[in-house]
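What follows is the residue order along each chain.
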Amino acid sequence: MGNVMYGDDAIGPILAEGLSECGVNALPAELDVFSVVSHIEESSLVIFIDVLDESFGQRGRVVKIRLDPQRLSAEDIVDMINWELSAHKVTPAHLIALAYASGGFSGEAWIIGPVASNFEFGTYPSEDTLKKVEDIISEIEDIVGEKIDRECVVKKVSQRLSELRALF
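Computed from a predicted model, the values in this text were never measured in an experiment. Think of each chain on its own: its residues are numbered from 1, step by step along the sequence as written. Residues qualify for local features only when their pLDDT is at least 70, as the model is predicted, and side-chain atom pairs are given and counted only at 80 or more; totals for whole chains, interfaces and linings, by contrast, use all residues. Only hydrogens and water are removed before side-chain values are computed, so all heavy atoms of the structure are retained for them.

Enquirer: Mind laying out the overall build of the protein chain, listing which residues take part and the relevant values?
Expert: Secondary structure follows DSSP: runs of H or I at least 4 residues long count as helices, runs of E at least 2 residues long count as strands, and numbering of each begins at the N terminus. When helices and strands are tallied, the protein chain shows seven helices and three strands. Overall, the protein chain shows an N-to-C arrangement of helices and strands of α-α-β-β-α-α-β-α-α-α. Exposure was quantified through the Shrake-Rupley algorithm and a 1.4 Å probe, taking into account, for residues, occlusion by the shown protein chains and nothing else. A total accessible area of about 9,100 Å² is found for the protein chain, and carbon and sulfur atoms account for 47% of it.

Enquirer: With reference to specific residues and values, describe helix α1 (residues 11-21).
Expert: Burial here depends on accessible area, computed with a 1.4 Å probe over protein chains only, as a share of the maximum for the residue type. Under 20% is buried, over 50% is exposed, and the range in between is partly exposed. By the criterion of burial, α1 is predominantly enclosed, with nine of the eleven residues buried. Taken as a whole, α1 has its buried residues at Ile-11, Gly-12, Pro-13, Ile-14, Leu-15, Ala-16, Glu-17, Gly-18 and Leu-19. The contact rule is simple, with two residues in contact once any of their heavy atoms fall within 4.5 Å. Residues of α1 that are buried in the fold lie against β1 (45-49), α5 (127-130), α6 (133-144) and α7 (150-165). Remark: Gly-23 follows α1 within two positions and exhibits a positive phi of approximately 95°.

Enquirer: Let's hear about the sheet that holds β1: which residues, and what values?
Expert: Strand order in the open sheet formed by three strands is β1-β3-β2, and the pairing between neighbours is mixed. Since the sheet does not close on itself, it has two edges, and those belong to β1 and β2 (62-67), each with one partner. Averaged over neighbouring strand pairs, the angle between their axes works out to 20° when direction is ignored. Pairing between β1 and strand β3 (residues 108-114): five bridges, direction parallel. Strand pairing requires that DSSP identify at least two bridges connecting the strands. Each axis is a line fitted through C-alpha atoms, and for a helix only the stretch in contact is used; angles between axes span 0 to 180 degrees, taken between their N-to-C directions.

Enquirer: How would you summarise the pattern of salt bridges if you had to cite specific residues and measurements?
Expert: Any carboxyl oxygen of Asp or Glu that lies within 4 Å of a side-chain nitrogen of Lys or Arg is treated as forming a salt bridge with it. Going through the model one piece at a time under the given rule, you end up with ten salt bridges. Among the ionic pairs, Glu-21 bridges to Lys-156, the shortest N-O distance being 3.9 Å. Highlighted residues: Glu-21 in helix α1 and Lys-156 in helix α7, separated in sequence by 135 residues. Classification of Glu-21 as partly exposed rests on a relative accessible area of 39%. Take Lys-156: its relative accessible area is 23%, and that puts it in the partly exposed class.

Enquirer: Run through the confidence of the model for the protein chain, naming residues and quoting values.
Expert: In this model, the protein chain carries an average pLDDT of 82, and 81% of its residues clear a pLDDT of 70 or more. When mean pLDDT is taken per element in the protein chain, α6 scores highest with 95 and helix α3 (residues 74-82) scores lowest with 58. In the predicted structure, residues 84-88 sits below a pLDDT of 50 and forms three contacts with residues beyond four places in sequence or in another chain. Confidence per residue, as judged by the predictor, is encoded in pLDDT with a range of 0 to 100.

Enquirer: Can you tell me about the nonpolar core, naming the residues and giving the values?
Expert: Here, the term nonpolar core denotes a set of buried Ala, Val, Leu, Ile, Met, Phe, Trp, Tyr and Cys residues that are joined through side-chain atoms within 4.5 Å. One finds Leu-15, Leu-19, Ile-136, Ile-140, Val-153, Val-157 and Leu-161 to be the most contacted residues of the largest nonpolar core, which totals 25 residues. At the level of secondary structure, the elements contributing two or more residues to this core comprise α1, β3, α6 and α7. For Leu-19, the residues in contact, after removing those within four places along its chain, are Val-24, Ala-26, Ile-49, Ile-140, Ile-148 and Val-153. Formed by 16 residues, the second largest nonpolar core is a distinct cluster that contains Val-36, Val-37, Leu-52 and Ile-96.

Enquirer: Help me get a handle on the state of the cysteines, residues and values and all.
Expert: The criterion for a disulfide is a pair of cysteine sulfur atoms lying within 2.5 Å. In total, this model carries one disulfide according to the counting rule given. The side chain of Cys-22 participates in a disulfide bridge whose partner is Cys-152; the two sulfur atoms lie 1.9 Å from each other. Measuring handedness by torsion sign, the sulfur bridge of Cys-22 and Cys-152 sits at about -85° and is left-handed. Taken together, the positions of Cys-22 in the loop between α1 and α2 (33-41) and Cys-152 in helix α7 put the pair 130 residues apart, joining distant regions of the chain. When sorted by exposure, Cys-22 lands in the same class as Cys-152, which is buried.

Here it is as structure tokens:
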């Protein structure tokens, strides 16, 4: 399964893999910050699928947030980029700010994901998060303005989750 993080964090890479296998231009982002930024710079629209903590609302709720680096000052961007760029501290907002600051990205960026409860490595994703796969797909469809082969994606995600379940 590659470098999948367990717990609810697994949903982003697993869903991105499923989307990619079903014809959507999706990339399961690994932890290499600069590789991810290079892919962002080649895009006019970037959607991150990531879990959010409970400061974003009730557990299980799917949240959609637009990231707009053009609203940041140069100092804000420098602060974000300088903020401990380790693989475990970088957020999608940092990646967009870095791509924007480099001059390579001026597109539209979003984060879509469920408010999660299980952030423990080495555990299976929570049911609250797994139940939100179709809601996340709907939010992606709203942004891109196209239908996604939902049946295919759900099937691929289920296969990946079965593989993950076998590890426990």
